[in-house]
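So the chains spell out like this:
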Amino acid sequence: MLKLKGAYNIKGNAKIESKGQRFELVDFIVKVGSVSIGPSFRGILVEVEYTPCDVPGNCFELLKEFMQGFMGSSVQSPPQLISGKMNELYLAKFTVQQYLEHFNAFKRVQAPQPAGGRV
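Keep in mind that what you see is a predicted model, and the values were worked out from it rather than measured.

> How should I be thinking about a nonpolar patch on the surface in this particular structure?
Nonpolar side chains collect at one region of the surface, where Phe23, Val32, Phe41, Ile44, Val46, Phe70 and Met71 lie side by side and expose about 610 Å² of accessible area between them. Sorting the residues of the nonpolar patch by element identifies β3 (40-50) and α1 (56-71) as the ones contributing at least two each. The element best represented in the nonpolar patch is β3, accounting for three residues. Within the secondary structure layout, methionine 71 lies in helix α1.

> Help me understand helix α3 (residues 92-108) in this model?
Quick reminder: α-helices carry 3.6 residues per turn. Residues three or four places apart thus point the same way. In this model, α3 (17 residues) spans 25 Å end to end at C-alpha, consistent with the 24 Å of a helix rising 1.5 Å per residue. Among the residues of α3, those classed as buried are Phe94, Gln98, Phe103 and Phe106. Residues of α3 that are buried make contact with β1 (16-25), β2 (28-37), β3 and α2 (80-83).

> Explain the confidence of the model for the chain here, please?
Note that predicted coordinates carrying low pLDDT should not be read in detail. On average, residues of the chain carry a pLDDT of 84, and 82% of them reach 70 or more. Predicted confidence is poor over residues 1-10, with pLDDT under 50, and the contacts of this stretch with residues over four places away or in other chains come to zero contacts.

About the cut-offs
- Residues numbered from 1 in each chain as written.
- Predicted model: local features only at pLDDT ≥ 70, side-chain atom pairs only at ≥ 80, totals over all residues.
- Heavy atoms only, no water.
- Patch = residues over 30% accessible without salt bridge, like charges linked within 9 Å, V, L, I, M, F, W, Y side chains within 5 Å.
- Areas by Shrake-Rupley, 256 points an atom, 1.4 Å probe, with all protein chains shown as cover.
- Salt bridge = Lys/Arg side-chain N within 4 Å of Asp/Glu carboxyl O.
- Helix = DSSP H or I, 4+ residues; strand = E, 2+ residues; numbered from the N terminus.
- Expected span 1.5 Å × (residues − 1).
- Buried < 20%, exposed > 50% of the residue type's maximum accessible area, 1.4 Å probe, protein only.
- Contact = heavy atoms within 4.5 Å.
- pLDDT = per-residue confidence, 0-100.

Structure, rendered in structure tokens:
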């Protein structure tokens, strides 16, 4: 068995991606993507942007109300990264940082097993 130890390595850097659709509704842009790591589905990401607003604190209540219309009461507070920057100009790097946080969370979650146990 010791001879086989180096022959098989689990791929630790599998490709993670979010693919989906982009919708525009007046001043809102909604992106809905399914997240997968390699061939394995892991979850869904939803990104919402209100284009006339560059300062999150000026429009979070409007964004929250809009998102609750299709996501229900699961939308309560701003993302942790944004909550400390509510009165700052929103930058594209904040979106990238949020995607990285979510991707890392998806990586930590165990992949769902098929119904009935292992195949």
